Amino acid sequence: MDSQYPTSGIEIELGNGLVLSVDEQEEIALKFVVEYRDELKKLADNSEVETFKLGLQYHLNDPNVSGLCMSLSPQLMELALEVGFSPTFYVTVDYWG
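Residues numbered from 1 in each chain as written. Predicted model: local features only at pLDDT ≥ 70, side-chain atom pairs only at ≥ 80, totals over all residues. Heavy atoms only, no water.

### Digging into the packing of aromatic side chains
- If you walk through the whole model with that rule in mind, you get two aromatic pairs.
- Measuring from ring centre to ring centre gives 4.9 Å for F32 and Y36, while their planes differ by 45°; the resulting arrangement is tilted.
- Residue Y36 is classed as partly exposed on the basis of its relative accessible area of 33%. (Phe/Tyr/Trp six-rings, centres within 6.5 Å; stacked < 30°, edge-to-face > 60°. Buried < 20%, exposed > 50% of the residue type's maximum accessible area, 1.4 Å probe, protein only.)

### Considerations on the pairing of strand 2 (residues 86-93)
- Where strand 1 (residues 53-60) lies against strand 2, eight bridges are found, and the strand directions are parallel. If you follow L56 over to strand 2, its bridge partner there is F89. (Pairing = 2+ DSSP bridges. Helix = DSSP H or I, 4+ residues; strand = E, 2+ residues; numbered from the N terminus.)

### Some points on the nonpolar core
- Of all hydrophobic cores here, the largest spans 12 residues; its members are A29, V33, L40, F52, L54, L56, L72, L76, L79, A80, V83 and F85.
- Broken down by secondary-structure element, the contributors of at least two residues to this core are helix 1 (22-35), strand 1 and helix 3 (74-83).
- Counting residues per element, this core draws most heavily on helix 3, which supplies four residues. (Core = buried A, V, L, I, M, F, W, Y, C linked by side-chain atoms within 4.5 Å.)

### Some thoughts on the side chain of Q25
- Here Q25 lies in helix 1.
- Once residues lying within four places of it in the same chain are set aside, the contact partners of Q25 are G17, L20, L56 and Q57. (Contact = heavy atoms within 4.5 Å.)

### A few points about the side chain of S73
- Take S73: it is sitting in the loop between strand 1 and helix 3.
- Engagement of the side chain of S73 in a polar contact is seen with the side chain of E26, the distance being 3.0 Å. (Polar contact = N/O pair within 3.5 Å; in protein donor to acceptor, adjacent residues only side chain to side chain.)

### Describing the pattern of salt bridges
- Under the definition given, this model contains three salt bridges.
- Of the charged contacts in the structure, one is a salt bridge between E82 and K41, with a shortest N-O distance of 3.1 Å. Taken as a pair, E82 in helix 3 and K41 in helix 2 (residues 37-45) lie far apart in primary sequence, 41 residues in all.
- Looking at K41, the relative accessible area reads 28%, which means it is partly exposed.
- Put simply, R37, K41 and E82 are held in one network by salt bridges that share partners. (Salt bridge = Lys/Arg side-chain N within 4 Å of Asp/Glu carboxyl O.)

Below, the structure written as structure tokens:
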């Protein structure tokens, strides 16, 4: 059966980013990546894998924010470089509280 999507893939949800803090999400992600490091490296090295991301969510309720900068913890950044995934922050800002 042909897919209606130009690409396919997998998604593993490790927690609800709308409920968990970024620190909690990083802790969960760190444990997951450490536990499955070898398997994730193999996935990243597969020539058919075009995109390999670790996504974290951040929701901000602040009508005064005009910009922000986010980065991973040093431990998770080191694993991102070692394993080969790209960290991505999905940020939403609620300007109306």
